[in-house]
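# What the coordinates show
Next come the chains, spelled out residue by residue.
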Amino acid sequence: MSRQLTFLMCSPRGDKSASHSIGSYLVSLFEEKGIVVKTFGAYRTLKNQEKTEEMIKSVNDSDIILISSPLYIDQAPYMTIKLMDIISEAFQQGKLSNKTRHLFAISNAGFLEYYHNNITLKIYEQFAKQNDIIWAGGLPIGAAGTYAQYPIPEFLKMLEQLPEEDPRNEIYTKPTKILDSVIRSSVNHLSKGEIVPRDELKKLEFIPMPLESYVNGANNGWPQAAEEFGAKDKLRDKPYER
Amino acid sequence: MSYVILNGMYKDDSFIPRINQMVSDEFQRNNYVGDTVILHDEEIKPCLGCFKCWVQTPGICIIDDYGREVAKKMIQSDVLVYITPINYGGYSAELKKAIDRSLGLISPFFRVYENEIHHEMRYDEYPNLVVIGTLDKPNSDQEEIFTELVQRNVLNLFCPKYSSQVIYTDDDEATIKKKLKNSLMEVGEENE
Ligand SMILES: Cc1cc2nc3c(=O)[nH]c(=O)nc-3n(C[C@H](O)[C@H](O)[C@H](O)COP(=O)(O)O)c2cc1C
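Described below are features of the structure shown in this document. (Residues numbered from 1 in each chain as written. Chains lettered and ligands numbered in written order. Predicted model: local features only at pLDDT ≥ 70, side-chain atom pairs only at ≥ 80, totals over all residues. Heavy atoms only, no water.)

## Some remarks on the site of the ligand
Residues and elements named next belong to chain A. Around the ligand sit 21 residues, and of these Ser11, Ala18, Ser19, Leu71 and Ile73 come closest. Interatomic distance of 2.8 Å between a backbone N/O atom of Ile73 and a nitrogen atom of the ligand. Between the ligand and the protein, one listed contact pairs an oxygen atom with a backbone N or O atom of Asp74 at 3.1 Å. Notes on the ligand: free accessible area 640 Å², of which the protein chains cover 93%. For the shell around the ligand, the per-class residue count stands at 11 nonpolar, 7 polar and 3 charged. (Near = heavy atom within 4 Å. Polar contact = N/O pair within 3.5 Å; in protein donor to acceptor, adjacent residues only side chain to side chain. Areas by Shrake-Rupley, 256 points an atom, 1.4 Å probe, with all protein chains shown as cover. Nonpolar A, V, L, I, M, F, W, Y, C, P; charged D, E, K, R; others polar.)

## Some remarks on the state of the cysteines
All names here are of chain B. For the coordinates displayed, the defined rule picks out 0 disulfides over all chains. Summary of cysteine pairing: Cys53 is not part of a disulfide, and the nearest cysteine sulfur, belonging to Cys61, is at 6.1 Å. Cys159 forms no disulfide, and the closest cysteine sulfur to it belongs to Cys53, at a distance of 17 Å. (Disulfide = S-S within 2.5 Å.)

## Observations regarding the sheet that holds strand β7 (residues 162–168) of chain B
Residue and element names in this part refer to chain B. Reading across from one edge, β2-β1-β3-β6-β7 is the order of the 5 strands in this open sheet, with parallel pairing throughout. Strands at the two margins of the open sheet, each flanked by one partner only, are β2 (33–38) and β7. On average, each strand axis in the sheet is inclined to that of its neighbour by 15°, with strand direction left out of account. Here 7 bridges tie strand β6 (residues 128–135) to β7, and the two strands are oriented parallel to one another. Bridge pairing in β7 links Val131 to Ser164. Lying over the sheet, helix α5 (residues 140–157) contacts β3 (79–85), β6 and β7, oriented at roughly 155° with respect to β7. (Pairing = 2+ DSSP bridges. Helix = DSSP H or I, 4+ residues; strand = E, 2+ residues; numbered from the N terminus. Axes fitted to C-alpha atoms, helices over the stretch in contact; angles between N-to-C directions. Contact = heavy atoms within 4.5 Å.)

## Focus on the pattern of salt bridges
Close approach of charged atoms allows side chains with opposite charge to pair. Enumeration over the complete set of coordinates arrives at 22 salt bridges over all chains. A salt bridge links Asp63 of chain A to Lys99 of chain A, with the nearest nitrogen and oxygen atoms 3.6 Å apart. Of the two residues, Asp63 of chain A sits in the loop between α3 (49–61) and β3 (64–70) while Lys99 of chain A sits in the loop between α4 (78–92) and β4 (102–108), which places them 36 residues apart along the sequence. Asp35 of chain B is paired through a salt bridge with Lys73 of chain B; the nearest N and O atoms lie 3.1 Å apart. With Asp35 of chain B in strand β2 and Lys73 of chain B in helix α3 (residues 66–75), this residue pair connects regions lying 38 residues apart in the sequence. (Salt bridge = Lys/Arg side-chain N within 4 Å of Asp/Glu carboxyl O.)

Have a look at this one:
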């Protein structure tokens, strides 16, 4: 019998999101290994009772649960937590058979540093523990917006075109290659029913550029984004000031 | 001085209402004015992650529902209190729904603060934060995560002072009172 995976895609931004982009990349690699994947978007799953039940059934049948979620204010967003609560409730009500299941999580942060994701990954681990699911580890991804814009395989192809001495190799090519290799290795382990070794995940624990460069880059973007709405000069408004 | 309590209990919780009442009594005893929002009673839609509270209507969420009111109450209080069952070490879904919607309280602009990337302040003043989590029994892993989470929230919400407290459902009345009093004292809101 084929192994099964339930993919919980937890960003409200749908296919414009990093959670979708990175999560789907893992899904494609799992499918190459013959694993059958069922995908559930958090937003639709929570809106529709039938979908919720389908998700529970899929979790029940699955060997692997994959969560890909944004980081909102140091934790997963409401929708991710709600999905976890629904799974926990099903577990408490005896609706989940006692087969071996692994949980793997991808946490996508806007800030550059990977470690903003550490707490939420620990929360996922506790969720797994509470529901007799084996915690297989997680990917702490910083500056995840990059991958919302450029899916990893396409991005790597684009980056191949850069001349060797181009400074963007240090900021983008190197980190993306490391991420790609950790993802591939994670999929290999998980497909074999193994957890992902801590040493493998630790390879993501680096900061690819000076913090100031990232801050300046991001800060230049906000006025541009606000221009479209005529709000360029209102970015620092204080509408609720006492 | 003012307070607001964001009560993130789930509907069937019979313990948190007691805690909520004790916290409100304590504030009133110290002549604070404020109120409690029982979050599950309010119509609050989830954050859409659109960043329009930063770039379209800066400071105000694009979704026009009670979530806006909660964000306003948060920034206009001197003491902000979260009460939540500890959920895998984190907050309840109910509480998290309201907190996600408060993103507009901070500025979109990034800065380096304490050697990490954080945001700039939107307002000149932010409330002190008291976070009270409940658990059926001690759980050192989850308590550690919870404490760390509150510390991270404080960094991101610029709270000048904060306190986090874990209360067990079988704590006796005197212990609960003491814990709550300590929490309020830590943020300097309790008279001796
Ligand atoms: C309400 C809200 C809160 C956020 N809080 C954080 C945060 O605490 N730390 C962080 O690094 N990024 C934070 N972000 C940025 C997101 O994590 C980032 O945009 C991420 O790429 C979103 O993932 P997605 O593209 O899959 O939706 C926040 C975004 C939103 C909308």
